[in-house]
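Observations on chain architecture
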Amino acid sequence: MSNILAGRPAAQAASGSGPRPGRRPLSDKATPYLFVSPFMILFAVFGVWPIIRSLILAFYATNGPKSQVFVGLKNFEFLFADPDFHTAVWNTLVFAFWSVVLQIPFALGLAILLNQRWLPGRTFLRLAFFSPNLLGQVFVGVLFSVLLAPQYGLLNKALHALIGLPLDTKWLSNPALVMPAIVLTSLWLYVGFNMIYFLAALQAVDKELYEAAMIDGAGPWRQFLAVTLPGIRPVATFVLVTTTIGSFQLFELPYTMLSNSAGPNNAGLTVVMYLYNNGFVTGDLGYASAVGWTLAIGVLLISLVQMRVTGVWKGEAK
Amino acid sequence: MRYFPFGRAAFSILMLAVASGAWLSLQPAPKHHATLTYWTYANTHYNSYKKVIPEFERQNPGVTVDLELVSLNALSSRMQAAMLADLDVPDIFEMEIGQSGTLFRGPTKDIGLVDLGPRIHAPGPDGAPPLWDRMVHARFSPYTNRGHIYGLPHDVHAVQLAYRRDIFEKAGVDVSQIKTWDDFVKVGRKMTIPNKRYMMEMSDSDATVLEPLLFQRGGGYFDENGRVIMDNEIAVQTMCWYVPLVAGPHKIASNVGYFGQVQTKAVEDGYMLCYICPDWRSKTFENDVSHMKGKMGLMPVPLAAPNGPQTTTWGGTMVGLTKHNNHQDLAWKLAMFLLLDKTQVAERYRATNILPPVKDLWADPAFHERSAYWSNEKTGESYIRLAPEVPPHYSSPVIQTATDKFSQALIDCVHYYNVHGYVDHGDAQFESYVRSRLKLRADQVRAMAGRNPY
């Protein structure tokens, strides 16, 4: 393998002009490292070093690189005592919960529907449901801030006509309605994206299994439980984990929907928004690093639990 | 390949890297041609400066100015990041009043802005009085920190109330009789039709309008020494007065947002009759709802106390010079040119309706013209009359936390009021609740401010 990589004819090696048998030349040993070195250097400079630096910074109060004061664990003490952080964590958990609970069934249901051969225009519908994802969170945030406007917003007009909801319902300035508005918007944005994963998974399920199940007398529901669900389980696990991680990284959508703020009573404050506000608005990158590390550890723990529960490590999901 | 031991693939990659590296290194580095770089976030400022900067360049041969329009949020974060990390920053820049306080964080020596105090207090050229004596002093308050003045005020932003003159006239309301807030509320109860028409644009979930009304009463978030005062007696009484206007069965105010098409439609439809209106917003109305010409009027802010001001302030822009600047004298000269040059004042005022903070400039005839849009009133004169009364607006590096917390206190109080009722439980109980919530929120700001170890 090393000879092929090095590009030297095997005959040359055999003629004795090459290195002695049993000892690889230095250049052969170095070759793989040389190939991976561009990535490793970039990763070390732009990945590993910032991670290490942020860990160090988490123990400092900072005002740029010029002013840093070591504060030990005070950043973490303040963080865990700060009611705004509690609100941010709670909001993020609520969003993550509803994202998972609503998005995955909706995405799966749509995928099953759009996988039916009898459905006319299903290619167009697939594109239509996927297309919101092409817009990006900022655009969607601005769009929905107009759609959800009191008195004149399209949603209020429609709901007023249909169920008599007051026209001045303030989706984005009533603390109780902010999170439902964000979940609704996120559902519109991401359900088509997850649907594509499920569609791919559904098409990969062996058709013979359905035929065998039908012969055994299984109805559609039984087929779904016994054939479809086990067949798409790896993809479902992937969607579950990525949706959860994505939910914990929520930032742009509420930030733009709520006019660059956390909304009334911090109802739209997420952990990443809390990090941003402290790091880039208040200017304390040390405290923001403490928030970042706390978030990273939290997401890691939740992902580990999810992977454990879904049996990924034991190969059960394969 | 004979002399290259790692094979063709590696050789190709290496050649590609060498070629692209050579190409890049041969490209001339973009040169910073302009002598001064000026960042502004306001389109109106940008358009106005663009017209007059060639004249500054003509007066100063060899000097060029690169004027850049940067979005408000981008400007704030880029300025902060650049100053924190010692990166390239503009020589002179403008910052919105609500964000300027965040630049004053950290030890004084590390603040990336030039202390303008000595220049402001120095006698002007040709025997002119110091700039300090020519300006509205209250406008320096947001840009002053630990005794240093880091920003020049671009404006005064005195406030009046804009109102739908046509609707009031039709209803037989004489606005000249509205002297106090009590008078205003009385008229408001008559004019408000729940869910269809409200007397005033005020929010029950953010303190955007509550804040200037707090300033009018002499309150604020911070005192001149940066101490948190948003839970003092003035704040308590202002909150107790404000909440029943936006909540409960007798509310006279609502809100659909302060900018954009939805707000424009609300103005057109007469959904709200009165709007808090600093000078800059009078031009926004004029531009955004131009067909309301002649239907809109301006009146002074009703009195909150017998001898109190008939105005307050909302918004503002600071002009700052960065320490990185190698041409500080030139940058100051540009700032003075844009602020004081009489030849451009009239045109800029007509384009923006923004009253400059320099009092002797107000004599220009442009400030005394009638405005067809505002029912032929002399709008400039009315703002000039109020400008000296504009209250101070002290700031702090944690100003944004303070505004958020004050809004949260408002939401708490509105919720309490909606659930428990004001009349049923009596004023004292509600007042006690307001006091406790303001204290809670103010303590959170104090805790945040107290984290600063410098």
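Residues numbered from 1 in each chain as written. Chains lettered and ligands numbered in written order. Predicted model: local features only at pLDDT ≥ 70, side-chain atom pairs only at ≥ 80, totals over all residues.

1. Considering the overall build of chain A
Along chain A, the regular secondary structure elements total 15 helices and two strands. For chain A, buried positions account for 33% of its 318 residues. For chain A, contacts bridging at least 24 residues in sequence account for 68% of all contacts bridging at least 6. (Helix = DSSP H or I, 4+ residues; strand = E, 2+ residues; numbered from the N terminus. Buried ≥ 20, exposed ≤ 12 C-beta atoms within 10 Å, placed from the backbone. Contact = placed C-beta atoms within 7 Å.)

2. Quick look at the pairing of strand E10 (residues 272–278) of chain B
Residue and element names in this part refer to chain B. Most of E10 is tucked away, with seven of its seven residues classed as buried. Both strand E7 (residues 159–164) and E10 contribute to a ladder of five bridges, which runs antiparallel. Bridged to Gln160 within E10 is Cys277. One ladder, built from two bridges, connects strand E8 (residues 198–201) with E10; its direction is parallel. Within E10, the position partnered with Tyr198 by the bridge is Met272. (Pairing = 2+ DSSP bridges.)

3. Considerations on the environment of Asp88 of chain B
All names here are of chain B. Among the secondary structure elements, Asp88 is positioned in the loop between helix H3 (72–84) and strand E3 (92–96). Given 10 C-beta atoms within 10 Å, Asp88 falls into the exposed group. For the pair Asp88 and Pro356, spaced 268 residues apart in sequence, the C-alpha separation works out to 30 Å.

4. Description of unusual backbone geometry
Residues and elements named next belong to chain B. Here the phi dihedral of Asp126 falls at roughly 55°; this positive angle occurs in a residue that is not glycine. Of note, Asp126 is situated in the loop between helix H5 (117–121) and helix H6 (131–134). At Ser375, a position not held by glycine, the phi torsion is positive, near 50°. Classification of Ser375 as partly exposed rests on a count of 18 C-beta atoms within 10 Å.

5. Structural notes on the packing of helix H5 (residues 83–114) of chain A against helix H12 (residues 220–248) of chain A
Residue and element names in this part refer to chain A. Two elements in contact, H5 and H12, have axes whose closest approach is 9 Å; the angle formed by their N-to-C orientations is 150°. Both H5 and H12 take part in a crossing whose hand is right-handed. Between H5 and H12, the contacting residues are Thr92, Phe95, Ala96, Ser99, Val100, Gln103 and Ile104 on the first element and Val239, Leu240, Thr243, Thr244, Ser247 and Phe248 on the second. Looking at the contact of H5 with H12, its residues break down into seven nonpolar, six polar and no charged. (Axes fitted to C-alpha atoms, helices over the stretch in contact; angles between N-to-C directions. Left-handed = near helix turned anticlockwise from the far one by under 90°. Nonpolar A, V, L, I, M, F, W, Y, C, P; charged D, E, K, R; others polar.)

6. Regarding the confidence of the model for chain A
As a note on interpretation, predicted positions should not be read in detail where pLDDT is low. Chain-level statistics for chain A give a pLDDT mean of 86 and a share of 89% at 70 or above. In this model residues 1–17 of chain A is a low-confidence stretch, pLDDT under 50, and it forms 21 contacts with partners more than four residues away in sequence or in other chains. (pLDDT = per-residue confidence, 0-100.)

7. Overview of the sheet that holds strand E6 (residues 152–153) of chain B
The strands making up a sheet are joined through hydrogen bonds of the backbone, oriented either antiparallel or parallel. Residues and elements named next belong to chain B. With mixed pairing, the five strands of this open sheet are ordered in space as E2-E1-E3-E12-E6. With partners counted over all chains shown, the strands left at the sheet margins are strand E2 (65–69) and E6, one partner each. As defined by bridge partners, E3 adjoins strand E12 (residues 317–321) across five bridges and the pair is classed as antiparallel. Considered in E12, the bridge of Met95 is made with Met318. Its contacts with the sheet place helix H2 (residues 43–59) against strand E1 (36–40), E2 and E3, and it is angled at close to 175° to E2. The strands that H3 touches are E1 and E3; relative to E3, the one it contacts most, it runs at about 120°.

8. Examining the interface of chain A and chain B
Counting residues at the interface gives 35 residues for chain A and 40 residues for chain B. Going through the elements one at a time, helix H1 (2–6), helix H3 (26–57), strand E1 (60–63), strand E2 (67–70) and helix H14 (271–281) of chain A are the ones with two or more residues in the side of chain A that touches chain B. Among the elements that make up the side of chain A that touches chain B, the one with the highest residue count is H3 of chain A (four residues). Its residues assigned to classes, the side of chain A that touches chain B shows 19 nonpolar, 14 polar and two charged.

9. So, the domain arrangement of chain B
Residues and elements named next belong to chain B. As far as domains go, chain B holds domain 1 (36–156 + 315–379) and domain 2 (159–314 + 392–450). For domain 1 versus domain 2, the separation of C-alpha centres amounts to 28 Å. Taken together, the contact pairs 20 residues of domain 1 with 23 residues of domain 2. (Domains from an automatic or database assignment.)

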